[in-house]
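What the coordinates show
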Amino acid sequence: MEPGQERRWRVPPGHVVVKCAAAAAVTALLVLYAHDPQFRFLAGAAAIGLNVLALRDLIAPVRLAADGDGLTVVTGYARRHRLRWDEVVCIRVDERRRLLLHTRILEIETADDLYLLSAFDLGADVHDAADELYRLRARTDR
């Protein structure tokens, strides 16, 4: 990677659009059916949840960025944490099968923390992201 270049993994824009549309639709239903207390409670909870998720995707769409100096990872709701390559202990992909689900999570481990990113966070296959991180890290070790 050339100096000043950065590789970024972000939430796919299509997912953001779907979350925003769902949040708007549920919020509209909440307003239209405000006279029904049970529906208002359920739709209100759904609207709050969807709006929170959509807002996070709009505030912090880039969940992981890497350059020659290290990584930047989004933690919590939308806080960014910078890691130098020498702080990264391990990069691995955790795969699990439970019931009918097959999950893959990119794990970035430091001495103090473990950062977990899914394909939905990265907008890419976690194996591809891990391979690219391995290559970037190897270039800096020389």
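These numbers were taken from a predicted model, which means no experiment stands behind them.

1. With respect to the sheet that holds strand E4 (residues 79-84)
Sheet architecture is open: four strands sit in the order E1-E2-E3-E4, paired in antiparallel fashion. Where the open sheet ends on each side, the last strands, each with one partner, are strand E1 (6-10) and E4. Taken pair by pair, the neighbouring strands of this sheet meet at an average axis angle of 20°, ignoring direction. For strand E3 (residues 70-75) and E4, the ladder comprises six bridges, and the chain directions are antiparallel. Following the sheet pairing, Gly70 is matched in E4 by Arg84. Sheet strands in contact with helix H4 (residues 126-140) are E1, strand E2 (62-67) and E3, and its direction is about 160° off that of E1.

2. Quick notes on the sheet that holds strand E5 (residues 88-98)
Taken together, the three strands give an open sheet; going across it, the order is E5-E6-E7, and neighbouring strands pair in antiparallel fashion. If you trace the sheet from one side to the other, it starts and ends with E5 and strand E7 (114-118), each paired once. Averaged over all neighbouring strand pairs, the angle between strand axes comes to 25°, with direction disregarded. Packing against the sheet, H4 makes contact with E5, strand E6 (101-110) and E7, and its axis sits at approximately 165° to E5.

3. Regarding helix H1 (residues 13-32)
When the terminal C-alpha atoms of H1 are compared, their 28 Å separation across 20 residues agrees well with the 28 Å that a helix rising 1.5 Å per residue should span. For H1, every residue scored as buried is listed here: Val16, Ala23 and Val26. The buried residues of H1 all sit within an arc of 105° when viewed along its axis, so they share a single face. Facing away from the buried surface of H1 by more than 90 degrees, the exposed residues are Pro13, Val17, Val18 and Leu32.

4. Some thoughts on the packing of aromatic side chains
Throughout the structure, instances matching the rule amount to one aromatic pair. Relative to Phe39, the ring of Tyr33 lies with its centre 5.3 Å away and its plane at 65°, an arrangement referred to as edge-to-face. Look at Tyr33 and you get partly exposed, because its relative accessible area is 40%. Residue Phe39 is classed as partly exposed on the basis of its relative accessible area of 29%.

5. Structural notes on the side chain of Arg56
Locating Arg56 in the fold gives a position in helix H2 (residues 37-59). An unpaired buried charge is present at Arg56: no salt bridge exists, and Asp121, the closest side chain of opposite charge, is 4.5 Å distant. Residues in contact with Arg56, not counting those within four places in the same chain, are Pro61, Arg63, Val74, Gly76, Tyr77 and Asp121.

6. Here we look at the domain arrangement of the chain
Examined at the domain level, the chain breaks down into domain 1 (10-59) and domain 2 (68-141). Placing the centre of domain 1 and that of domain 2 at their C-alpha centroids yields a distance of 29 Å. Every contact between the two is made by eight residues of domain 1 and, on the other side, nine residues of domain 2. Taken over both partners, the interface formed by domain 1 and domain 2 buries close to 680 Å², and the fraction arising from carbon and sulfur atoms is 50%. On the domain 1 side of the contact with domain 2, Arg10, Arg56 and Ile59 bury the most area, a combined 63% of that side's loss. On inspection of domain 1 and its partner domain 2, the count reaches zero salt bridges.

Conventions we followed
- Residues numbered from 1 in each chain as written.
- Predicted model: local features only at pLDDT ≥ 70, side-chain atom pairs only at ≥ 80, totals over all residues.
- Heavy atoms only, no water.
- Pairing = 2+ DSSP bridges.
- Helix = DSSP H or I, 4+ residues; strand = E, 2+ residues; numbered from the N terminus.
- Axes fitted to C-alpha atoms, helices over the stretch in contact; angles between N-to-C directions.
- Contact = heavy atoms within 4.5 Å.
- Expected span 1.5 Å × (residues − 1).
- Buried < 20%, exposed > 50% of the residue type's maximum accessible area, 1.4 Å probe, protein only.
- Arc of directions from axis to C-beta.
- Phe/Tyr/Trp six-rings, centres within 6.5 Å; stacked < 30°, edge-to-face > 60°.
- Lys, Arg positive; Asp, Glu negative; His and termini not counted.
- Salt bridge = Lys/Arg side-chain N within 4 Å of Asp/Glu carboxyl O.
- Domains from an automatic or database assignment.
- Buried area = accessible area lost by both parts, 1.4 Å probe.

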